[in-house]
Protein chains: 2
Amino acid sequence: MTNPPKRIAITGAAGNIAYQAMFRIAAGEFLGDQQPVALNLIDIPPAMPSLGGTAMELEDCAFPLLRDVLLSDDLEKGFGDADYVFMFGARPRGKGMERSDLIQENGKIFGPQGKAINDFSSRDVRVLVIGNPANTNALIALHHAPDLDPRQFSAMTRLDHERSRSQLAARTDQPVANIARMTVWGNHSPKMYPDIGYCTASGTPVRELVGTDWHREEFMPGIQQRGAKVIEARGASSAASAANAAILHMRDWVQGTPKNDWVSMSVLSDGSYGVAEGIVFSFPCQCSESEHAIVPGLELDAFGREQLKANEAELLSERETIADLLS
Amino acid sequence: MTNPPKRIAITGAAGNIAYQAMFRIAAGEFLGDQQPVALNLIDIPPAMPSLGGTAMELEDCAFPLLRDVLLSDDLEKGFGDADYVFMFGARPRGKGMERSDLIQENGKIFGPQGKAINDFSSRDVRVLVIGNPANTNALIALHHAPDLDPRQFSAMTRLDHERSRSQLAARTDQPVANIARMTVWGNHSPKMYPDIGYCTASGTPVRELVGTDWHREEFMPGIQQRGAKVIEARGASSAASAANAAILHMRDWVQGTPKNDWVSMSVLSDGSYGVAEGIVFSFPCQCSESEHAIVPGLELDAFGREQLKANEAELLSERETIADLLS
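On a predicted model such as this, the values are computed, not experimentally measured, just so you know. (Residues numbered from 1 in each chain as written. Chains lettered and ligands numbered in written order. Predicted model: local features only at pLDDT ≥ 70, side-chain atom pairs only at ≥ 80, totals over all residues. Heavy atoms only, no water.)

(A) Expanded view of the pattern of salt bridges. All chains considered together, the criterion is met by 38 salt bridges over all chains. The salt bridge involving arginine 91 of chain A is made with glutamate 105 of chain A; its shortest N-O contact spans 2.9 Å. Placement of arginine 91 of chain A in the loop between β4 (84–87) and α4 (99–120) and of glutamate 105 of chain A in helix α4 is noted, with a sequence separation of 14 residues between them. Looking at arginine 91 of chain A, the relative accessible area reads 38%, which means it is partly exposed. For glutamate 105 of chain A, a relative accessible area of 24% puts it in the partly exposed group. A salt bridge links arginine 126 of chain B to glutamate 291 of chain B, with the nearest nitrogen and oxygen atoms 3.1 Å apart. Here glutamate 291 of chain B lies in strand β14 (residues 291–294) and arginine 126 of chain B lies in strand β5 (residues 126–129), a separation of 165 residues in the sequence. One connected set of salt bridges, linked through shared partners, spans Glu59 and Asp60 of chain A together with Asp160, Arg163 and Arg226 of chain B. (Salt bridge = Lys/Arg side-chain N within 4 Å of Asp/Glu carboxyl O. Helix = DSSP H or I, 4+ residues; strand = E, 2+ residues; numbered from the N terminus. Buried < 20%, exposed > 50% of the residue type's maximum accessible area, 1.4 Å probe, protein only.)

(B) Highlighting the pairing of strand β13 (residues 280–288) of chain A. Residue and element names in this part refer to chain A. Burial analysis of β13 places seven of its nine residues in the buried class, which makes it a mostly covered element. Sheet analysis places strand β12 (residues 263–268) next to β13, joined by six bridges and oriented antiparallel. Directly across from leucine 268, in β13, lies its bridge partner valine 280. In this sheet, strand β14 (residues 291–294) lies alongside β13 in antiparallel orientation, the contact comprising four bridges. Within the sheet, the bridge partner assigned to serine 288 lies in β14 and is glutamate 291. The hairpin turn running from β13 into β14, its antiparallel successor, is two residues long, and glutamate 289 in that turn takes a positive phi close to 45 degrees. (Pairing = 2+ DSSP bridges.)

(C) The relation of the copies chain A and chain B, seen in detail. When chain A is brought onto chain B, the operation consists of a screw motion whose angular component is 180 degrees and whose axial shift is 0.0 Å, with 0.0 Å RMSD remaining. Overall, the copies show the geometry of a two-fold rotation axis. For chain A, the smallest separation between a C-alpha atom and the rotation axis is recorded for glutamine 20 of chain A, amounting to 3.3 Å. Most of the interface of chain A is mirrored in chain B, where 100% of its interface residues again form contacts. (Least-squares fit on C-alpha atoms with pLDDT ≥ 70 in both. Contact = heavy atoms within 4.5 Å.)

(D) Geometry of the interface of chain A and chain B. Listed per partner, the contact involves 38 residues of chain A and 38 residues of chain B. Between chain A and chain B, the buried area comes to about 3200 Å², and carbon and sulfur atoms account for 53% of it. Across the chain A-chain B interface, the total number found is eight salt bridges. Scanning the region where chain A abuts chain B turns up 26 residue pairs in polar contact (both at pLDDT 80 or more). Among the elements of the structure, α1 (16–26), α2 (48–60), α6 (158–172), α9 (226–234) and α10 (240–255) of chain A are those that each provide at least two residues to the side of chain A that touches chain B. Residue contributions to the side of chain A that touches chain B peak at nine residues, all from α2 of chain A. Its residues assigned to classes, the side of chain A that touches chain B comprises 17 nonpolar, ten polar and eleven charged. (Buried area = accessible area lost by both parts, 1.4 Å probe. Polar contact = N/O pair within 3.5 Å; in protein donor to acceptor, adjacent residues only side chain to side chain. Nonpolar A, V, L, I, M, F, W, Y, C, P; charged D, E, K, R; others polar.)

(E) Up close: unusual backbone geometry. With an omega dihedral of -5 degrees, the bond running from asparagine 132 of chain A to proline 133 of chain A counts as a cis peptide bond. Its location among the elements puts proline 133 of chain A in the loop between β5 (126–129) and α5 (134–143). Phi angles above zero are rare outside glycine, and aspartate 173 of chain A is one such case at about 60 degrees. Following the sequence through the fold, aspartate 173 of chain A ends up in the loop between α6 and β7 (179–180). Judged by relative accessible area, aspartate 173 of chain A falls into the exposed class, the value being 66%. The phi dihedral of tyrosine 273 of chain B is positive, around 55 degrees, even though this residue is not glycine.

(F) Quick look at the sheet that holds β7 of chain A. Residues and elements named next belong to chain A. Spatial ordering of the open sheet is given by β7-β10-β11, a layout of three strands whose pairing is antiparallel. At either end of the open sheet lies a strand with only one pairing partner, and these are β7 and β11 (204–205). Pairing of strand β10 (residues 200–201) with β11, which is carried by two bridges, proceeds in the antiparallel orientation. For alanine 201, the partnering residue across the bridge sits in β11 and is threonine 204.

(G) Expanded view of the packing of aromatic side chains. Residues and elements named next belong to chain B. Applying the stated criterion across every chain yields a total of 23 aromatic pairs over all chains. Ring geometry for tyrosine 19 and phenylalanine 23: centres 5.4 Å apart, planes at 80 degrees, overall edge-to-face. Residue tyrosine 19 and its partner phenylalanine 23 are located together in helix α1 (residues 16–26), separated by four residues, close to a single helical turn. Overall, the relative accessible area of 9% leaves tyrosine 19 in the buried class. On the basis of relative accessibility, which here comes to 1%, the residue phenylalanine 23 falls in the buried class. (Phe/Tyr/Trp six-rings, centres within 6.5 Å; stacked < 30°, edge-to-face > 60°.)

(H) Here's a closer look at the sheet that holds strand β10 (residues 200–201) of chain B. Strand order across the open sheet formed by three strands is β7-β10-β11 (chain B), with antiparallel pairing between neighbours. Edge positions in the open sheet fall to β7 (179–180) and β11 (204–205) of chain B, since each of these has one partner strand only.

(I) Here's a closer look at the packing of helix α4 (residues 99–120) of chain B against helix α5 (residues 134–143) of chain B. Residues and elements named next belong to chain B. Following both chains from N to C, one finds α4 and α5 inclined at 40 degrees, their axes separated by 7 Å at the closest point. The handedness of the crossing between α4 and α5 comes out as right-handed. The segment α4 lies against α5, with Ile103, Asn106, Gly107, Phe110, Gly111 and Gly114 engaging Thr136, Asn137, Ile140 and Ala141. Here the residues of the contact of α4 with α5 are counted per class, giving four nonpolar, six polar and no charged. (Axes fitted to C-alpha atoms, helices over the stretch in contact; angles between N-to-C directions. Left-handed = near helix turned anticlockwise from the far one by under 90°.)

(J) A look at the side chain of asparagine 137 of chain A. Tracing the backbone shows asparagine 137 of chain A in helix α5. Setting aside residues no more than four positions away along its own chain, asparagine 137 of chain A makes contact with Ala90, Asn106, Phe110, Val129, Gly131 and Asn132 of chain A.

(K) How the structure looks around the environment of histidine 292 of chain B. Residues and elements named next belong to chain B. Inspection of the secondary structure puts histidine 292 in strand β14. For histidine 292, a relative accessible area of 6% puts it in the buried group. It is 6.7 Å that separates the C-alpha atoms of histidine 292 and tryptophan 253, two residues lying 39 residues apart in sequence. Apart from the residues lying within four places of it in its own chain, the contact partners of histidine 292 are Arg151, Trp253, Met265, Val267, Cys285, Gln286 and Cys287.

(L) Spotlight on the environment of arginine 319 of chain B. Residues and elements named next belong to chain B. Along the chain, the position of arginine 319 falls in helix α11 (residues 302–321). We classify arginine 319 as partly exposed; its relative accessible area is 27%. Counting along the chain gives 41 residues from arginine 319 to glycine 278, while the straight-line C-alpha distance between them is 9.0 Å. If we ignore the near neighbours within four places in the chain, the residues touching arginine 319 are Leu139, Glu277, Gly278, Ile279 and Leu326.

If you want it as structure tokens, here you go:
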């Protein structure tokens, strides 16, 4: 193992999702078992003592690939030389807080973080925003990183994508590994459009197997409300499954998606599928060597086009809310 | 992937260590990426709703290797056909509870669980007890499984082993992958003996590099008190690092330890090194194809022999406390 270590910055590092993700990353589940890694764990000052305990636990795992762990509440140090950034940290919604307040408050976090990535991270950095509202947070971050390509930023809809694949596997009674070409379009919000129009189960079009009624009346609301259902059952929001999706998103971005399949990634719209430019929107994407490409030429029916429009409208409205932060 | 799935039972499944372990197990970190797995998640009735949320998250990961997840508060179903058992669950020490009360209370859990493993698990089952007091809990469990070989049961000292390797790597400034032949002897309690007598760092005897004073005055108490230090920093006990050690313990037991190296495992004493038979004691072990063998013929100095005696005495006293449960 003579590869120089890759430096991975993690925000919200003292939180539950990061606690699930970082041990798997250190074990090699993101970059493979031949690639040494260094972790930059970033959180706010009051979280530092508990983060120190997490760092002790990383040490106690004796991971052969883990070269270095840096803890910081300073953005310059935290994002310094980062090759990959997992942005788990976000301001959660407080009691009586409007969604617009939430978006504003998060803007104040993601602006300076985007600027620090711009100023101090690797020129080839790849950034994934998980913290909600993820799409608009990613938009703010990339706007504050003018020296980087906006294509180096993305937001996560992969958890919705994997939830969809799993539900379709159960419904069609096929192995989940055989569910391909799922697409989640739009915003990581209850408006997202989980589209099975091109999806196959062991090669058979899923739409033929499950029917339109089930798709629209059971599957779609099931995926859109899944996060709330998990919270209801666990008494806490998804942590392990969100961490898993984040690792899959970054792994496939770097190592590539399988031929003939794709993943759902929220990236800056280039106008594909008639979606307004300048918002971070979930598209079907194929990846190779840390580059993504929006899958072109899929046909959408009237219902699908309507769903995309509703997501576009929601994201344009979110952008309006933080317009002052996109200067 | 045509291998039939291996069934893995996990107790204390709604707890924090299990939450860290099961997603890594489902991802293939225990049995590798070609072996499908099924999970039997066991906990007490009040934990079932939250465990249901965890099961939703497992589903939401769409793990290609995960074939089946069963939730149960019934020991027959829970341990039924299990090939491997991770026993994370244990009664934690309540306020004002004496250690002897704690041992007694846990005995009441591990007796029936051992019996259920005896009656319902695979005849080739391998069992790891993580829940404390792990060594004596394992002793109780194996006593209640007279139809199985006691060698199918073990308790975890692997976290102490990895903590030791990591500290020695830092002290000797060598990669942790190059720290070999560490041994933790005795009980998983502050009395444990982390012995560096045969340990090497990149081939050099560690003892020559670090000196006896550092070993006895800093390293030993550091390892013995490490768990308490993590709790102090995190405000919660080790979860991710304990889960990691449990996976390593079971993985090496099944897949084998590297040639010329060994691991620390608590197993039923066969009288090796003069340790009384009939207690579960941590020894240096080599493994191959799900069998372990205590490494023979290591020489211990007077200090080391004294440490082993103190651990033996503690474990004999623990056994005395639960003598009525070993009928």
